[in-house]
Amino acid sequence: MTEERDVMEYDVVIVGAGPAGLATAIKLKQLSPDTSVCVLEKASMVGAHSVAGAAIEPGPLDELFPDWRDNPPPVCVDVSKDEFFFMTAKRSIKFPLNPPQMNNHGNYIVSLGAMCAWLGEKAEALEVEIYPGFAAVEALFDDQGAVMGVRVGDMGIDKDGKQKSGYTPGIDIHAKLTILSEGCRGSLSKQLIKHFELDSACDPQTYGIGFKELWQLPQGRVTPGLVQHMFGWPLDNMTYGGASVYHLDNDRVSIVFVVGLDYQDPNLMPFECFQQFKHHPMFEGFFEGGEIVSAGARAINEGGFQSMPKLEMPGAIMVGDAAGMLNMPKLKGIHTAMNSGILAATHYAENKSGEGYHQAFLASSTAKELHAVRNVRPGFRHGMLMGLINAGFETVTGGRTPWTLANHADHSELQKLASYVPPNREYVERTLAPRDRLASQYLAATEHDEDQPVHLKVADTTICSTQCLEEYNNPCTRFCPVGVYEMVEDEEQGGLRLQINASNCVHCKTCDIKDPYQIITWVPPEGGSGPNYQNL
Amino acid sequence: MKILVPVKRVVDYNVRIQVKSDNSGVNLDGVKMSVNPFDEIAVEEALRIKERGEAEEVIAVTIGDSAAQEQLRTVLAMGCDRAILVEAPSDLEPLAVAKTLKALVEKEDAQLVIAGKQAIDDDSGQVAQMLAALLSCAQATFASKIELAGDSAKVTREVDAGLETIEVDLPAVVSADLRLNEPRYVKLPDIMKAKRKPIDTLSLAELGVDGTNQLTVSNWSAPSAREPGIKVEDVAGLVGKLKEKGLL
């Protein structure tokens, strides 16, 4: 069925109003005010799907708005002190010295969501057209096979794929350059990386699943500006990850927990690890009586330099975490994402094309920064101790080692039930909110119209009830942070069948990444759906 | 014929409301704001009437601070012809809102006002009735169907016993209930066009309305949390618990 779709034309269309996309848009308008720029954002408002710690390096903000400190984003606290701990189930051991990358002096603790909303206003003041509530669902190609824009998703399709009374076809947006800034594991970026084989010369990407809760605590418990990083319990030696606690102003604290998605234990539940962490004796009495303002989860790229695909293709480029620009030892990717956007804007303003952007990026200070730390994350493949020794060595040598350690695809790292011996995790009985994943999902204020097609496409559900059940005990039912996947009794055929509670989804993309058979594909639901994070 | 539709900027219905720790109000920091859903239904109905050729112009009005322009842009994108922002404190009471709307109805010579039956933030549900009284005109509240015929309107109302159909003479005030219609999706090109549609800004003084509140809010508090449930082992345990609570 073909139908007439409205077409809108721009010089540049940017997919995703996160830090990378907005930095690109702002810089483009600053350099070249006549360039027409459209930004599509699947969240109902700018920042509503953004989650990050986050202590940020202010470099790119200084570049975009030299006087930004006079009118800072709504949540913005100077980092006053860093602390670094190794945790066992009972104890926390504070490091006398912090790793140099963890020195946050001069950095700011922000809410990425609030900062994106703030950046969005600044972009609109520069006449960038931002459209929240509209998801780009597919790339459009011209006769030569180059990307010529994107198609916006249709609205008003029922769960069986039929048009409802209010059906509104999505429009086509044509642009001279399409910039993908979807963040980690973007659905369009994934399609285009595959289509143009942009990852043929790089390592597989490796990811983590990050959780965040923003707490409002009783007076006097928070030390504004304090940043605490922890690793160790409740994660075992072979599971990469850790936590960060950011003390904000007004008795607020944000707590972040990341689990590397290259974990091996098929029965691991990352959400449980996060909730366990809050019950460490170190936090005794800290959270009690407090209230969670908002909670969310999002996958992050950890692969770094060697997992970065080629950033350009005919008609389009990628910026930020769509390509994966996290500096792992710093635990920061916002400044690199924004820098890549600023670079992309500068490149387009000079060349009126994306051609040559990849080379320009490789020559940039951001690429050098990522190259210097490239061996830190893969060093943890053989356990925490080896990882720390390697990280120390890489730090001392400044990344000048002649080798590059390889990353491996996360979905292939999961071990089968029959061969995996789980460690003693020393879990404790939990008392703090949220009780379970559904209680947490409620704090994400997620909304999806139930009468729309399921946006988590499982290619073959018979694998779920047969092979996967036997080999891995359906890990999707555990790695999903909000319980989208459930195995329920199959009343017709007996046994178990997969039930997808798609309306719970917080768009974290973990299922698309970690599913061991790679049969789950995340596609954007109706625009405006998904979580409504508040100051995450 | 002109239709006037009042719309209110409210906390989005998906947001979990949190009371500020000093009990002085609701926390609006970083919270998503939307058009009151019942007002969106009212806008949709007004647009459908216009699209049937039974009205010439649909005017949206909001009363609040300048941030409420965002909601006016949304309804302009849905299809309203123009919008009016009356600058006022956003906690204006229903009577002052009704007086403001009365002044606007007279200024614009609107024959029909379609309002949401209530706003989902304060749930007052009083403005439509007060406005009709102030205008000394007909009212048809909780409408689930509106049919216009010349100088009158046949309105089906959602009442406790079922549906009630009444006929009112125009001008009239109608309040929209949930089942009146399903609002349309806003199209991306229409959002762009809405940016160019006019928004007039007026003050309460220009309309001759005294915005002083008559009521003082002394305290805000969240409903008390429900005690967690317990699981009993067996029937005897259940009976025991019920007896313990004095329920048996």
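Please read these numbers as outputs of a predicted model, since none were measured by experiment.

J.: Is there a simple way to think about the overall build of chain A in this case?
T.: Scanning chain A for helices and strands turns up 13 helices and 24 strands. The C-alpha radius of gyration computed for chain A amounts to 22 Å, which stays within 12% of the reference 24 Å derived for 536 residues, consistent with globular compactness. A burial count over chain A gives 62% of its 536 residues as buried. Within chain A, contacts between residues at least 6 apart in sequence are counted, and of these 76% link residues at least 24 apart. With an accessible surface of roughly 20,800 Å², chain A has 51% of that area assigned to carbon and sulfur atoms.

J.: Help me understand the sheet that holds strand E6 (residues 92-94) of chain A, please; the structure alone is not making it clear to me.
T.: Hydrogen bonds between backbone atoms are what pair the strands of a sheet, whose relative direction is either parallel or antiparallel. Residues and elements named next belong to chain A. A sheet is described by the order of its strands in space; here seven strands give the open sequence E6-E5-E15-E16-E17-E14-E18, paired in mixed fashion. Both outer strands of the open sheet, E6 and strand E18 (291-301), are each paired with one neighbouring strand and no more. Each strand of the sheet is rotated relative to its neighbour by a mean of 20 degrees, with strand direction disregarded. Of the pairings in the sheet, the one linking strand E15 (residues 226-232) to strand E16 (residues 241-247) comprises four bridges and is antiparallel in character.

J.: I would appreciate a short explanation of the state of the cysteines in the present structure.
T.: Linking two cysteines covalently through their sulfur atoms gives a disulfide. Residues and elements named next belong to chain A. Taken as a whole and assessed by the stated rule, the structure comprises zero disulfides over all chains. Unpaired in this structure, Cys-464 has its nearest cysteine sulfur neighbour in Cys-476, at a distance of 6.2 Å. On the accessibility criterion, Cys-464 (8% relative accessible area) is buried. Considering cysteine sulfurs only, Cys-508 is the nearest to Cys-511, which forms no disulfide, with 6.4 Å between them.

J.: Would you explain the interface of chain B and chain A in this entry?
T.: By a frequent convention, interface size equals the accessible area lost on bringing the separate parts together. Counting from both sides, the interface comprises 17 residues of chain B and, opposite them, 33 residues of chain A. For the pair chain B and chain A, the two sides together bury roughly 2,200 Å², of which 59% comes from carbon and sulfur. Considering only the surface of chain B that becomes buried against chain A, B:Arg16, B:Tyr185 and B:Leu188 emerge as the three largest contributors, covering 35% of it. A salt bridge links B:Asp29 to A:Arg252; the nearest nitrogen and oxygen atoms lie 3.4 Å apart. Between chain B and chain A we count eight residue pairs in polar contact (both at pLDDT 80 or more) in total. Class assignment of the residues belonging to the side of chain B that touches chain A gives a composition of eight nonpolar, four polar and five charged.

J.: Before we go on, may I ask you to explain the pairing of E15(A) in this structure?
T.: On any regular strand, side chains alternate: one points to one face of the sheet, the next to the other face. Residue and element names in this part refer to chain A. Taking burial as the measure, the seven residues of E15 include seven buried ones, the bulk of the element. Burial along E15 is two-sided: Leu-226, Gln-228, Met-230 and Gly-232 facing one way and Val-227, His-229 and Phe-231 facing the other are all buried. Bridge count for strand E5 (residues 81-87) against E15 is seven bridges, and the pairing is parallel. Within E15, the position partnered with Glu-83 by the bridge is Gln-228.

J.: How should I be thinking about the packing of helix H1 (residues 19-31) of chain A against helix H3 (residues 112-125) of chain A in this particular structure?
T.: Each pair of packed helices gets described by two things: the angle between the helix axes and the distance between those axes. Residue and element names in this part refer to chain A. Between H1 and H3, the shortest axis-to-axis distance is 10 Å and the interhelical angle comes to 20 degrees. Judged by the angle between their axes, H1 and H3 are roughly parallel. Judged by the sense of rotation from one axis to the other, the crossing of H1 with H3 is left-handed. Along its contact with H1, which presents Pro-19, Leu-22 and Ile-26, the element H3 presents Leu-112, Cys-116, Leu-119, Gly-120, Lys-122 and Ala-123. Broken down by class, the residue content of the contact of H1 with H3 amounts to seven nonpolar, one polar and one charged.

J.: Help me out: how do you make sense of helix H6 (residues 334-351) of chain A in this one?
T.: Along an α-helix, residues three or four apart share an orientation, since each turn contains 3.6 residues. All names here are of chain A. In this model H6 runs 25 Å from its N-terminal to its C-terminal C-alpha over 18 residues, within 8% of the 26 Å that 1.5 Å per residue would give. Along H6, the residues that are buried comprise Ile-334, His-335, Thr-336, Ala-337, Met-338, Ser-340, Gly-341, Ile-342, Ala-344, Ala-345, His-347 and Tyr-348. Positive phi appears at Lys-352, one or two residues downstream of H6, with a value of about 55 degrees.

J.: Can you walk me through the environment of A:Cys76 in this structure?
T.: All names here are of chain A. Along the polypeptide, Cys-76 turns up in strand E4 (residues 76-78). For the pair formed by Cys-76 and Leu-248, sequence separation is 172 residues and the distance between their alpha carbons is 8.0 Å. Leaving out residues up to four positions away in the same chain, Cys-76 has contacts with Trp-68, Tyr-108, Ile-109 and Val-110.

J.: What should I look at first to understand the sheet that holds E4(A) in this one?
T.: All names here are of chain A. The antiparallel open sheet is built from three strands, whose spatial order is E3-E7-E4. Edge positions in the sheet fall to strand E3 (55-56) and E4, since each has one partner strand and no second. One ladder, built from three bridges, connects E4 with strand E7 (residues 108-110); its direction is antiparallel. From the neighbouring strand, Val-77 faces E7, where its bridge partner is Ile-109.

Procedures and definitions
Residues numbered from 1 in each chain as written. Chains lettered and ligands numbered in written order. Predicted model: local features only at pLDDT ≥ 70, side-chain atom pairs only at ≥ 80, totals over all residues. Heavy atoms only, no water. Helix = DSSP H or I, 4+ residues; strand = E, 2+ residues; numbered from the N terminus. Rg over C-alpha atoms; globule rule 2.2 N^0.38 Å. Buried < 20%, exposed > 50% of the residue type's maximum accessible area, 1.4 Å probe, protein only. Contact = heavy atoms within 4.5 Å. Areas by Shrake-Rupley, 256 points an atom, 1.4 Å probe, with all protein chains shown as cover. Pairing = 2+ DSSP bridges. Axes fitted to C-alpha atoms, helices over the stretch in contact; angles between N-to-C directions. Disulfide = S-S within 2.5 Å. Buried area = accessible area lost by both parts, 1.4 Å probe. Salt bridge = Lys/Arg side-chain N within 4 Å of Asp/Glu carboxyl O. Polar contact = N/O pair within 3.5 Å; in protein donor to acceptor, adjacent residues only side chain to side chain. Nonpolar A, V, L, I, M, F, W, Y, C, P; charged D, E, K, R; others polar. Parallel < 35°, antiparallel > 145°, perpendicular 65-115°, else oblique. Left-handed = near helix turned anticlockwise from the far one by under 90°. Expected span 1.5 Å × (residues − 1).

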